[in-house]
Amino acid sequence: MKKILLIGTGGTIASEVTESGLAPELTTEQLLAHVPAISEVCHVDCLQLLNLDSTNMAPEHWLAMTRCIRDNYDAYDGFVLTHGTDTMAYTAAALSYLVQKSPKPIVLTGAQKPMGFDSTDSKINLTDAIRCAAEDMPGVSIVFNGRVILGTRAKKTRSKSFQAFSSINFPELGVLRDGVLLRYIRQDCGAEPVFSETLNQKVALMKLVPGTGREQADFLLERNDALIIESFGVGGLPESSGFYDCVRGALNRGKTIVLTTQVEKEGSDLGVYHVGHRLKNDLGVLEAYDMTTEAVVAKLMWILGRTRDPREVERLFYTPVAMDILWPA
Ligand code: ASP
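Reference entry: report on the structure contained in this document.

Quick notes on the rules
For every chain, the first residue of the written sequence is number 1, and numbering continues from 1 along that sequence. The predicted origin of the model limits local features to residues at a pLDDT of at least 70 and limits the giving and counting of side-chain atom pairs to 80 or more, whereas totals for whole chains, interfaces and linings rest on all residues. With hydrogens and water stripped out, all remaining heavy atoms of the structure feed into the side-chain values. Burial status follows relative accessibility: with a 1.4 Å probe on protein chains alone, a residue under 20% of its type maximum counts as buried, one over 50% as exposed, and anything between as partly exposed. We count a stretch as a helix when DSSP gives it H or I for four or more residues in a row; a strand needs E for two or more, and each element gets its number in order from the N terminus. This arc corresponds to the set of directions leading from the helix axis out to the C-beta atoms. The criterion used for residue contact is that any of the two residues' heavy atoms lie within 4.5 Å. Strand pairing is defined by DSSP finding a minimum of two bridges between the two strands. Proximity criterion: a residue is near a molecule or strand once any of its heavy atoms comes within 4 Å of it. Each polar contact in these results corresponds to two N or O atoms within 3.5 Å; when the atoms are within protein, one needs to be able to donate a hydrogen and the other to accept it, and residues that are neighboring in sequence are counted only if both atoms are side-chain atoms. Here the open area of atoms and residues is found with the Shrake-Rupley method and a 1.4 Å probe, where only the protein chains shown may cover a residue. Only Asp, Glu, Lys and Arg are considered charged in this grouping, and only Ala, Val, Leu, Ile, Met, Phe, Trp, Tyr, Cys and Pro are considered nonpolar; every other residue, Gly among them, is considered polar. One less than the number of residues in a helix, times 1.5 Å, gives the span that helix is expected to have. Angular values range over 0 to 180 degrees, each being the angle between N-to-C directions of two axes fitted as lines to C-alpha atoms, with helices fitted over their stretch in contact. Orientation categories follow fixed angle ranges, with anything under 35 degrees roughly parallel, anything over 145 roughly antiparallel, 65 to 115 roughly perpendicular, and all other angles oblique. Crossing handedness: left-handed means the near helix sits turned counterclockwise from the far one by under a right angle, and right-handed means the same turn made clockwise. The aromatic pairing rule takes the rings of Phe, Tyr and Trp, using the six-membered ring of Trp, and pairs them if the centres are within 6.5 Å, calling planes under 30 degrees apart stacked, those over 60 edge-to-face and the rest tilted. Lysine NZ or arginine CZ positioned within 6 Å of the ring centre and within 35 degrees of the ring normal marks a charge as sitting over the ring.

## Section: helix H9 (residues 310-318)
Moving on, step 1. Restricting attention to buried positions, one finds in H9 the residues Val 313, Leu 316 and Phe 317. For H9, the angular spread of buried residues about the axis comes to 100°, placing them on one side.
Moving on, step 2. Of the surrounding elements, those touching the buried residues of H9 are strand E17 (256-261), strand E18 (286-287) and helix H8 (293-304).

## Overview of the pairing of strand E9 (residues 147-150)
Moving on, step 1. As paired strands, strand E8 (residues 139-144) and E9 are joined by four bridges and run antiparallel to one another. Paired with Ser 141 across the strands is Leu 150, a residue of E9.
Moving on, step 2. Taking the residues between adjacent antiparallel strands as the criterion, E8 and E9 are bridged by two residues, where Asn 145 takes a positive phi near 50°.

## Examining the site of the ligand
Moving on, step 1. With respect to spatial proximity, the complete set of residues near the ligand consists of Gly 11, Thr 12, Asp 53, Ser 54, Gly 84, Thr 85, Asp 86, Ala 111 and Gln 112.
Moving on, step 2. A distance of 2.9 Å is found between an oxygen atom of the ligand and a backbone nitrogen or oxygen belonging to Thr 12.
Moving on, step 3. Within the side chain of Asp 86, an N or O atom sits 2.8 Å from a nitrogen atom of the ligand.
Moving on, step 4. Burial of the ligand by the protein chains amounts to 90% of its free accessible area of 260 Å².
Moving on, step 5. Grouping the constituent residues of the shell around the ligand by class yields one nonpolar, six polar and two charged.

## Section: helix H4 (residues 122-133)
Side chains of residues three or four places apart in an α-helix project in the same direction, reflecting 3.6 residues per turn.
Moving on, step 1. For H4, built from twelve residues, the straight-helix expectation of 16 Å at 1.5 Å per residue is met to within 8% by its first-to-last C-alpha distance of 16 Å.
Moving on, step 2. Counting buried residues along H4, nine of its twelve residues qualify, which places the element largely inside the surrounding structure.
Moving on, step 3. All of the buried residues in H4 are Ser 122, Asn 125, Leu 126, Thr 127, Asp 128, Ala 129, Ile 130, Cys 132 and Ala 133.

## A closer look at the packing of helix H3 (residues 88-98) against H8
Moving on, step 1. Their axes nearest at 8 Å, the elements H3 and H8 cross at an angle of 40°. Considered as vectors, H3 and H8 are oriented oblique to each other. Here H3 and H8 pass one another in a crossing that is right-handed. Between H3 and H8, the residues in contact are Ala 89, Tyr 90, Ala 93, Ala 94 and Tyr 97 and Glu 294, Ala 295, Val 297, Ala 298, Lys 299 and Trp 302, respectively.
Moving on, step 2. Among the residues making up the contact of H3 with H8, the classes are represented as nine nonpolar, no polar and two charged.

## Brief notes about the packing of aromatic side chains
Moving on, step 1. The tally for this structure, following the rule as stated, stands at seven aromatic pairs.
Moving on, step 2. Aromatic pair Tyr 73 and Phe 195: ring centres 5.9 Å apart, planes at 85°, arrangement edge-to-face. Taken together, the positions of Tyr 73 in the loop between helix H2 (59-72) and strand E5 (78-82) and Phe 195 in strand E14 (residues 194-195) put the pair 122 residues apart, joining distant regions of the chain.
Moving on, step 3. The exposure class of Tyr 73 is buried, given its relative accessible area of 4%.
Moving on, step 4. Judged by relative accessible area, Phe 195 falls into the partly exposed class, the value being 23%.
Moving on, step 5. Plain terms: the ring middles of Tyr 76 and Phe 79 are 6.3 Å apart, the flat faces sit at 65° to each other, and that makes the pair edge-to-face.
Moving on, step 6. On the accessibility criterion, Tyr 76 (9% relative accessible area) is buried.
Moving on, step 7. On the basis of relative accessible area, Phe 79 is assigned to the buried category, the value being 0%.
Moving on, step 8. Among the aromatic residues, those joined into a cluster by ring pairs are Tyr 73, Tyr 76, Phe 79 and Phe 195.
Moving on, step 9. Against the face of Phe 317 rests Lys 299, its NZ or CZ located 5.8 Å from the ring centre.

## Things to note about the environment of Arg 186
Moving on, step 1. Within the secondary structure, Arg 186 sits in the loop between strand E13 (180-183) and E14.
Moving on, step 2. Classification of Arg 186 as partly exposed rests on a relative accessible area of 38%.
Moving on, step 3. Among residues more than four places away in sequence, those in contact with Arg 186 are Asp 136 and Pro 138.
Moving on, step 4. Looking at Arg 186, its side chain comes within polar contact range of the side chain of Asp 136, at 3.0 Å.

## As for the pairing of E5
Moving on, step 1. With five of five residues buried, E5 lies mostly within the body of the structure.
Moving on, step 2. Here E5 shows no split at all, with Gly 78, Val 80 and Thr 82 on one side and Phe 79 and Leu 81 on the other all buried.
Moving on, step 3. As paired strands, strand E1 (residues 3-10) and E5 are joined by five bridges and run parallel to one another. Considered in E5, the bridge of Leu 5 is made with Phe 79.
Moving on, step 4. The sheet contact formed by E5 and strand E7 (residues 105-109) spans four bridges and is parallel. The residue of E7 that forms the bridge with Leu 81 is Leu 108.

## Quick notes on the environment of Lys 155
Moving on, step 1. Within the secondary structure layout, Lys 155 lies in strand E10 (residues 154-156).
Moving on, step 2. Note: C-alpha distance between Lys 155 and Val 297 (142 residues apart in sequence) is 13 Å.
Moving on, step 3. With residues near it in sequence (within four places) discarded, Lys 155 still touches Ala 89, Ala 164, Phe 165, Ser 166, Ile 168, Glu 264, Thr 293 and Glu 294.
Moving on, step 4. A distance of 2.9 Å separates polar atoms of two side chains, one belonging to Lys 155 and the other to Glu 294.

Take a look at the structure:
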């Protein structure tokens, strides 16, 4: 029988009603007690790492999860992390960079309704996640509402209903039907995982609205090593607001700038319009192409934790990790 480690980090799945709203209180053992039938499928041990609303998660918690997986790696066949849905896509992306090429499954799950509610997705999600962790499903993924989504491709796209996550610009890895995993795609892996232990948190994200001026970008670039700008459509920056000088100056000071799009699907293509062409071809900003913003944030923190050399940053940024970027291949 396979051995799975269930790592609790909090979220709605572990929440109870308090006077000031839902708060994570259930232990990992208490969660497991709600799905007793899983003991027929695999042996599960419990580990309580955190008990946080995922709004309170930060990169140091991603590193703590990584250390927890690393320290227990040899003793288990697979790992399930229960996690709040709000920032689960960021954590899934971060773990995809911090634990690369894992031959063992690392599955995140959670719920939109707490375990103790009459109508809840907690039981099915936890059961499905543990089943997937006991399968041949290498790498980091989110198992939620009967779907398996690649860790670098997940995005929370619904705030209330059970279908909380979508797979962006990439097919789902599989689906679960009555507890049976139908796997469509198997991630590549190595014989051993490759763990990283450093992240550079000085990565900022700025969303453009019509009329945004360069002052906000200047402010963020002064305080960070990288700035991701969520621009419009396939990508570009307003031409009349001094953005080009701001970008040129920041790149000369060794900052990293990545252009991405506010549009959820299909990604950027910065060279298409005049408003983007010069940024890419003359100034040399990077672009996200088909990556999610969550993955761009995590990838930059991982890359800038290793190097600040602009050429190496660019090389690593466009090198696919866990199928995070496919275009331009
Ligand atoms: N606020 C909760 C969290 O992210 C929401 C959830 O888990 O669904 O921890």
